[in-house]
Amino acid sequence: MRFDVGEKLSLTLFLLLLSIVLPWHLNGVLFLLLVLFRYAFRPFRPVSDASRRRSSALARYLAIVVLLMTIVNGLLIKEGTLWPLPGGFTMSSEGVTFGLRTGMRLLVIAMSLLLFFGSTPIPRLAQFLQSVGWPVQLVMTLLLTLHFIDTVPDRVSLIFTAQEARGAPVRANILARTKAFFLILSPLLLSGIVESIDRSMALELRGFHGGAKLSFRGDETSRGRMTMVSMLFLILSILCIVWIILRWLLQ
Amino acid sequence: MLQTRPTSGSFFILMTKTVREQFQLEIEGAGLPFVAFCIALNLSAGQLAAALKLPIYLDSVGTVLVAVLCGPWSAISAGVISNVLASAFGNPAMVFFAPVAAVIGGFTGFIASHGWFRRWYIVPLGGILQGVIAAIASAPIAAYLFSGVMLAGTDVLVLYFRSVGNTLLQSVFFQGLSSDPVDKTITYILVFLLCRNLPIRLLQRFRGGNNLPHNKAMDRSYAL
Amino acid sequence: MAPSVSIRSLHYQYFDGAPFALKDLSVHIASGSCTALLGPSGAGKTTLLQILSGIIGAQFTTGKASGSVLIGDDEFRPIPQKVLFPSVGYLMQDASVQLSGIKETVEEELAFALDNMGIDGYERRERVSQALSRLDLGRLANRRPHQLSGGELQRTALASILVARPSLLVLDEPVNALDSLGQQRMVNVLRSLKCSTTVLFADSGIEFALAVADTFLVMQGGSILFSGTRNQFLNSLDSFYDLLPVNQWSEVVRKWGKTTVHPRVAGLLSL
Amino acid sequence: MIQFDNISFRYAHDIEVFRDLRVGIAAGEQILIVGRNGAGKSTFLKLLNGIVRPGSGDVTVGGLSTQKHPTSRLAAEVSVTFQNPAHQIFASTVLQEAEFAPKSLRRKNPRERAQEALRLFKLNEQAKSHPYDLSLAHRKLLTLASAVAADTPALAFDEPSVNLSRPEQLILLEAFKVLKKSGKTILIVSHDLELFLPICTRVLILDDGKATFFDAPEALTRDQNPLRRSGVRLPLVHRLRPYCGLSPIPHPGA
């Protein structure tokens, strides 16, 4: 059962909307299901160990947030049955369920996004977006963003070093550090503008005019047309949206 | 239709062109790589602020730059892609705030094409207005989806407003009002300081070159 | 057939009121020749090369130009208004910026130009493999572009242009970032292109030009100062004392006699 | 003036850059630092003002130890300029850019020092124009001028001749001669031996963590092995001059 990018994308959309529809205990079950999905199901396994490290750190962080959210809401809200606590505080059942509802929702959202972005390199996403009709310029912009995401942080540290060597106040008081912020952003922007001008010329010099489609490695894998599975998930997503609107109106 | 040159007050052009044509018009010249550069800027401005231990976040400085130098539709796509990639690289909630980034890009692009970035005294006004609009746009999302907990320092404000007896939506909106206008005004002023003296050789390569302080030569040789 | 290039009294300003980047420039470049365009920075070398590639006419709509440019048998008055890809290939000074930066392997990078030309299938694979072998990038074909060294990046950028088989190849300072081994490779590549392609390259030094070029142009302040063959250039080295790094060279050449360049010097010059 | 006492240094991903390096540079000397890419030439400059701290041993500049003093204090003793002008030019006029270093070091009358430095590098007519309206070569000269404007006893440059064409090289040589006369200590990291051999007092060759040669340029032409081992070749013209009965390295002012 090979999941292509289109099917994974429509599944993720459906999961995001489902997390808003489900009550908190069903969201909790869905979250555990997704964790199982991640390890058991090949197409959802993380692509690189960097994304694996990043996602497990994030999962732990979010679990703490859910706990925090539940306790804080429980203490603050006064409706529902109130269980007295030592020191005069009251923990309201209504507050706890409210905290759990949003906490579980956040966990499901985080997990479904991690499943998608962890297992789909951006170039594959760009390839799919182009096959469903995105303009070639926008696809090129998304791919170029990846290049800049790799180079801009290094350039920032190089500029930071060069300006500090010239006496820029990077460790002084807050006002001086704000000036240093400008001293680093200005060369970054100027060099970014110059590089953008050169890159736009380089693209045109090799015939890029937004007409011809970009080719990707292993072109045959992206079946542009809508498959049955992604159609199913899109219909389910629409149902969720209808459900949310109805619930909001009837409240 | 005769190719009209978008000057300030180019609202007419927004109406008649389809979005795709307008986007392609805006990224003519050096626009396309610049949008990609500004998206990367959005994602790394926060790191730089942290390296300098500054309490500002400035994750829309790239979007505002694109709005000023290219135009509203490319700024909207820059904002949306920034938020989607931010959620891919570790902050999952950001994808739900993509509409807010679109509003920031569109609004800034619109007022930039009306010359709001031409005089230094109009820029802070634009920043405050943008901050209010951003607060209005982000309040329902933060309230209904995340019940006001955004894993950031400002969550404390929300709790304070709620304990004083406001509803969830009101307290999230008040928290937004207290931080967004400040953040956006700093972003606007920073972009103005960065762009006001850009030389003509660089400005003429961007569709929005005329949105910046009056360059004598720019009038005669309007870009693209 | 490799085109000849002749330019008649070309003037160019980047925008109204800007200083003249090119002032009354007239030159004729023979078909299939390998011409060195020498001169200090700001002499207008890059502007001239970019005008020939058509990028200036296409992107600089605010520029002011007069005169005429003749490439092969197409006449452009005053300058080409659209990018002359694929008949004219332009190698930029910074190879890492010339590469698209969006491709995952060197092989795909070469195919980028062919995508835009709508060439695919057999001819695409054949052109890519031919360009790879010509620049001996064979073992780097599947390497990721950002893992390449400066010299390898330069060869990849040049290969990504040669796949389009331009008849006029224009290069902006191709060797100033290369070590002596890289320069030697570039000399061999340009020599292999002689007669089949007209080559024009800009350089601020003279060692590389002496090794590969057959005609020499020296530019200053936007116009041509000298145009001639290798020996004419060697004999008049002294007049370029403060324009080109020739001081120690002129001493060497003068010591070895004005008219003919001593075989040992010529031998060493061929690196 | 500048003393490296058995410095050992490695970056996080454990490539050993220096192994107990000992280098002493007297005041008023001009040192040309040469070595293959990755031999640690840029790291050598970063050690000068504490941007990078040695694993063991100490670097003292003008009597100040880089272990004890912050970079902002050391920047008053040695002004380090890196290779790419785009990484430091921020101002919207040439004069503002040149004024930055003297102002942030709180020197007296920074504007005059900046104008003086611009005159030294023949940039005074363009004082009002935007740095990005200048050619790349002139922007490079601007970064050199803004370092000289800081008026520090020692100056260190990373590849100052890259991006310069002949006229700018002549301006650079003139400026370095003036600085040499006024007793400045200058460190130059460069591949361009043809340009700098005639004006430097000593050549330092860095090769896998060690200083394999530290002597006058004439000694270099007599024994080219350390140079060849470090992957750098004497320029062709210096190898040719002996065949024409000329001294390998022209005396300064040739």
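Calculation rules
Residues numbered from 1 in each chain as written. Chains lettered and ligands numbered in written order. Predicted model: local features only at pLDDT ≥ 70, side-chain atom pairs only at ≥ 80, totals over all residues. Heavy atoms only, no water. Helix = DSSP H or I, 4+ residues; strand = E, 2+ residues; numbered from the N terminus. Buried < 20%, exposed > 50% of the residue type's maximum accessible area, 1.4 Å probe, protein only. Contact = heavy atoms within 4.5 Å. Areas by Shrake-Rupley, 256 points an atom, 1.4 Å probe, with all protein chains shown as cover. Lys, Arg positive; Asp, Glu negative; His and termini not counted. Charge placed at Lys NZ, Arg CZ, Asp CG, Glu CD. Salt bridge = Lys/Arg side-chain N within 4 Å of Asp/Glu carboxyl O. Patch = residues over 30% accessible without salt bridge, like charges linked within 9 Å, V, L, I, M, F, W, Y side chains within 5 Å. Buried area = accessible area lost by both parts, 1.4 Å probe. Polar contact = N/O pair within 3.5 Å; in protein donor to acceptor, adjacent residues only side chain to side chain. Nonpolar A, V, L, I, M, F, W, Y, C, P; charged D, E, K, R; others polar. Phe/Tyr/Trp six-rings, centres within 6.5 Å; stacked < 30°, edge-to-face > 60°. Lys NZ or Arg CZ within 6 Å of the ring centre and 35° of its normal. pLDDT = per-residue confidence, 0-100. Arc of directions from axis to C-beta. Pairing = 2+ DSSP bridges. Right-handed = clockwise from strand over helix to strand, strands pointing away. Domains from an automatic or database assignment. Core = buried A, V, L, I, M, F, W, Y, C linked by side-chain atoms within 4.5 Å.

S.K.: Residues and numbers for the overall build of chain D, please.
M.R.: When its secondary structure is counted, chain D shows 10 helices and 10 strands. Looking at chain D residue by residue over its 254 residues, the buried ones come to 59%. Considering only residue pairs separated by 6 or more positions, chain D has 63% of its internal contacts joining residues 24 or more positions apart. Carbon and sulfur atoms form 51% of the exposed surface of chain D, whose accessible area is close to 9,800 Å². With 33 positive and 25 negative side-chain charges, chain D shows a separation of 1 Å between the mean positions of the two kinds.

S.K.: Break down the environment of B:V164 for me, with residues and values.
M.R.: Mapped onto the elements of the fold, B:V164 is located in the loop between α8 (155–163) and α9 (168–195). Between the alpha carbons of B:V164 and B:I111 there is a distance of 37 Å; along the sequence they are 53 residues apart.

S.K.: So, the pattern of salt bridges: which residues are in play, and what are the values?
M.R.: Under the definition given, this model contains 27 salt bridges over all chains. Here D:D20 and D:K210 are joined by a salt bridge, their closest N and O atoms 3.6 Å apart. Highlighted residues: D:D20 in strand β2 (residues 16–25) and D:K210 in strand β10 (residues 210–215), separated in sequence by 190 residues. Here D:D20 falls in the partly exposed class, since its relative accessible area comes to 44%. Judged by its relative accessible area of 35%, D:K210 falls in the partly exposed class. When salt bridges that share partners are traced, they join A:R155, A:E195 and A:R199 into one network.

S.K.: For a nonpolar patch on the surface, give the residues involved together with the corresponding values.
M.R.: Nonpolar side chains collect at one region of the surface, where A:I238, A:I241, A:V242, A:I245, A:L246, A:W248, A:L249, A:L250, B:Y144 and B:L169 lie side by side and expose about 1,100 Å² of accessible area between them. For the nonpolar patch, the leading source of residues is helix α8 (residues 228–250) of chain A, giving eight residues. Topologically, A:L249 is positioned in helix α8.

S.K.: Account for the interface of chain A and chain B, naming residues and giving values.
M.R.: Facing 59 residues of chain A, the contacting portion of chain B comprises 58 residues. Each partner contributes to the roughly 5,100 Å² buried at the junction of chain A and chain B, and carbon and sulfur atoms together form 83% of this total. Summed over the three residues of chain A that lose the most area to chain B, namely A:F181, A:L189 and A:I193, the buried surface amounts to 13% of that side. Where chain A touches chain B, the interface holds zero salt bridges. Connecting chain A to chain B are four residue pairs in polar contact (both at pLDDT 80 or more). Contributing elements (two or more residues each) for the side of chain A that touches chain B: α1 (5–21), α3 (49–76), α4 (93–119), α6 (136–165) and α7 (174–205) of chain A. Looking at the side of chain A that touches chain B, the element that brings in the most residues is α7(A), giving 21 residues. Among the residues forming the side of chain A that touches chain B, the class breakdown is 43 nonpolar, 11 polar and five charged.

S.K.: Mind laying out helix α5 (residues 122–131) of chain A, listing which residues take part and the relevant values?
M.R.: Residue and element names in this part refer to chain A. Of all 10 residues that make up α5, eight are buried, and the element is covered over most of its length. For α5, the set of buried residues is I122, P123, L125, A126, Q127, F128, L129 and Q130. Two residues or fewer after α5 comes G133, characterised by a positive phi angle close to 110 degrees.

S.K.: With reference to specific residues and values, describe the packing of aromatic side chains.
M.R.: Two numbers describe a pair of aromatic rings. These are the distance of the centres and the angle of the planes. This model, assessed by the stated rule, comprises 21 aromatic pairs over all chains. On the basis of an interplanar angle of 25 degrees and a centroid distance of 6.3 Å, the ring pair of A:F208 and C:F112 is categorised as stacked. Highlighted residues: A:F208 in the loop between α7 and α8 and C:F112 in helix α4 (residues 106–117), drawn from two different chains. With a relative accessible area of 8%, A:F208 lands in the buried category. A centroid spacing of 4.3 Å and a plane angle of 5 degrees characterise the contact between D:F4 and D:F44, whose relative ring orientation is stacked. Residue D:F4 is found in strand β1 (residues 2–10), and its partner D:F44 is found in helix α1 (residues 41–48); the two are separated by 40 residues along the sequence. Both residues of the pair, D:F4 and D:F44, belong to the buried class. Its guanidinium or amino end placed over the ring of D:F214, D:R202 lies 4.0 Å from that ring's centre, counting from NZ or CZ.

S.K.: Just give me the short version of the confidence of the model for chain D, but keep the residues and values in it.
M.R.: As a note on interpretation, predicted positions should not be read in detail where pLDDT is low. A residue-level look at chain D finds 98% of positions with pLDDT of 70 or above and a mean pLDDT of 87. Per the prediction output, this complex has pTM 0.89; the corresponding ipTM is 0.89.

S.K.: Lay out helix α2 (residues 19–26) of chain B with the relevant residues and their values.
M.R.: Those residues of α2(B) not exposed but buried are B:Q22, B:F23, B:L25 and B:E26. Viewed end-on, α2(B) has its buried residues packed into an arc of 160 degrees, placing them on one side of the element.

S.K.: For the pairing of strand β8 (residues 198–203) of chain C, give the residues involved together with the corresponding values.
M.R.: Residues and elements named next belong to chain C. Judged by how many residues are buried, β8 sits mostly within the fold: six of six residues are covered. Every second residue of β8 is oriented toward a common face, with T198, L200 and A202 on one face and V199, F201 and D203 on the other, all of them buried. The sheet contact formed by strand β3 (residues 34–38) and β8 spans five bridges and is parallel. If you follow T35 over to β8, its bridge partner there is L200. As defined by bridge partners, strand β7 (residues 168–172) adjoins β8 across five bridges and the pair is classed as parallel. Within β8, the position partnered with L169 by the bridge is V199. Chirality of the crossover, the property in question, places the unit of β7, helix α7 (residues 180–193) and β8 among those that are right-handed.

S.K.: Tell me about the domain arrangement of chain D, and please be specific about residues and values.
M.R.: Residue and element names in this part refer to chain D. If you check the domain split of chain D, you get domain 1 (2–77 + 152–244) and domain 2 (87–151). For domain 1 and domain 2, the distance between their C-alpha centroids amounts to 24 Å. Taken together, the contact between domain 1 and domain 2 spans 20 residues of the former and 15 residues of the latter. In total, about 1,400 Å² of surface goes out of reach between domain 1 and domain 2, with carbon and sulfur atoms giving 75% of it.

S.K.: Can you tell me about the domain arrangement of chain A, naming the residues and giving the values?
M.R.: When the parts come together, some accessible area is lost, and that loss is often what is quoted as the size of the interface. The assigned domain composition of chain A is domain 1 (1–121 + 225–251) and domain 2 (133–223). Measuring from the centre of the C-alpha atoms in domain 1 of chain A to the corresponding centre in domain 2 of chain A gives 34 Å.

S.K.: If you had to explain the nonpolar core to someone new, which residues and values would you point to?
M.R.: Core analysis: the biggest nonpolar cluster contains 290 residues, and A:F181, A:L214, B:F34, C:F201, C:F233 and D:F121 have the highest contact counts within it. The leading source of residues in this core is α4(A), at 15 residues. Excluding anything up to four places from it in sequence, C:F233 contacts C:L38, C:I206, C:L210, C:F216, C:V218, C:F226, C:F240 and C:L244. Among the nonpolar cores identified, the runner-up in size contains 30 residues, and D:I2, D:V17, D:I25 and D:V61 belong to it.

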